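An overview of the molecular structure
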Amino acid sequence: MLVGPFVKNRPICAAVWVEEDKVAEPEPTSKLFCRLARNSAGDLFTINYLFDLPVGVTVFDAARALFIVYNTDSPEPTRSPVPPQPRPCPKGFPPEAPSEEPEYVFGIPCYRRSLREAAEEREIWYSYEYDVYARTVSRLPGYGTTVWRLDEVTLGEPPAELFKEASILASLPELIRNISKIAGDFLPGLTERDDFPNL
């Protein structure tokens, strides 16, 4: 998860992309993994994608300390308790932000570290202030290179309706359940709706 929940007063909206350049494949691939929004209260809303089609919605609810999953095969969401606290910083990073000047990625202050674990080499751009992995690069001999990255980033407050269970139940899950019927129109239609603007 490139963006952590439960971080207050650091709102963000973004798309998450994964790019792979595999040794065994003739061409590299790039695919949309999810779109997300975190508000100033620390709630995190995510639409997950598979083969460019939305397959589920999840919400971290900071006030109720819940992780809520809206599945395509169930009319009711599942709710699980979760500790409402930010994540620890990544492996290889100091516990607190270092004194060096950060690199700014989409306006987010990030620190870069290179790690090696067994044969894998990793580069990570991480923000302590936002609890965000702006970019990670993994290089593994015999497999290839995998990049996880943020894109389409905005740092403004997202619409409150994204985090309201009633709004989600009334709109996105119904579209997702009918995905086989409306797959061709769903993605452009999402960006045109007033209540669910392009994240």
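Now for a quick tour of the structure. These figures come from a predicted structure and were not determined experimentally.

This part takes up the side chain of T58. Secondary-structure assignment places T58 in strand β4 (residues 53-61). Its relative accessible area of 12% is what places T58 among the buried residues. With residues near it in sequence (within four places) discarded, T58 still touches L44, F45, T46, N48, F67, I68 and V69.

Let us now look at the side chain of R38. Summarising the element assignment, R38 is placed in strand β2 (residues 29-38). Buried charge without a salt bridge: R38, with D131 as the nearest opposite-charge side chain at an N-O distance of 5.4 Å. Only 2.9 Å separates the side chain of R38 from the backbone oxygen of R10, close enough to count as a polar contact. Within the structure, the side chain of R38 is placed 2.9 Å from the backbone oxygen of Y130, a separation counted as a polar contact.

The next thing to look at is a nonpolar patch on the surface. Residues L50, F51 and V55 make up a contiguous nonpolar surface patch of roughly 330 Å² in combined accessible area. Classification of L50 as partly exposed rests on a relative accessible area of 47%.

What follows deals with the packing of aromatic side chains. Throughout the structure, instances matching the rule amount to nine aromatic pairs. Aromatic side chains F33 and W148 sit 4.9 Å apart centroid to centroid with 80 degrees between the ring planes, which places their arrangement in the edge-to-face category. Of this pair, F33 sits in strand β2 while W148 sits in strand β11 (residues 144-154), placing them 115 residues apart in sequence. Aromatic pair Y126 and Y128: ring centres 5.3 Å apart, planes at 70 degrees, arrangement edge-to-face. A relative accessible area of 19% means that Y128 is categorised as buried. Aromatic ring contacts, followed pair by pair, group F93, Y111, Y126, Y128 and Y133 into a single cluster. Above the plane of the ring of Y130 lies R10, whose end atom (NZ or CZ) is 5.9 Å from the centre. Directly above the ring of W125 sits R135, whose terminal nitrogen or CZ lies 5.9 Å from the centroid.

In this section: the sheet that holds β2. One open sheet accounts for 11 strands, arranged β6-β5-β4-β3-β2-β1-β11-β10-β9-β8-β7; its pairing is antiparallel. Looking at which strands have only one partner, the edges of the open sheet turn out to be β6 (78-81) and β7 (103-105). Averaged over all neighbouring strand pairs, the angle between strand axes comes to 25 degrees, with direction disregarded. Taken together, the six bridges between β4 and strand β5 (residues 66-71) define a ladder with antiparallel strand orientation. In the strand pairing of β5, F60 is matched with F67.

Definitions and limits used
- Residues numbered from 1 in each chain as written.
- Predicted model: local features only at pLDDT ≥ 70, side-chain atom pairs only at ≥ 80, totals over all residues.
- Heavy atoms only, no water.
- Helix = DSSP H or I, 4+ residues; strand = E, 2+ residues; numbered from the N terminus.
- Buried < 20%, exposed > 50% of the residue type's maximum accessible area, 1.4 Å probe, protein only.
- Contact = heavy atoms within 4.5 Å.
- Lys, Arg positive; Asp, Glu negative; His and termini not counted.
- Salt bridge = Lys/Arg side-chain N within 4 Å of Asp/Glu carboxyl O.
- Polar contact = N/O pair within 3.5 Å; in protein donor to acceptor, adjacent residues only side chain to side chain.
- Patch = residues over 30% accessible without salt bridge, like charges linked within 9 Å, V, L, I, M, F, W, Y side chains within 5 Å.
- Areas by Shrake-Rupley, 256 points an atom, 1.4 Å probe, with all protein chains shown as cover.
- Phe/Tyr/Trp six-rings, centres within 6.5 Å; stacked < 30°, edge-to-face > 60°.
- Lys NZ or Arg CZ within 6 Å of the ring centre and 35° of its normal.
- Pairing = 2+ DSSP bridges.
- Axes fitted to C-alpha atoms, helices over the stretch in contact; angles between N-to-C directions.

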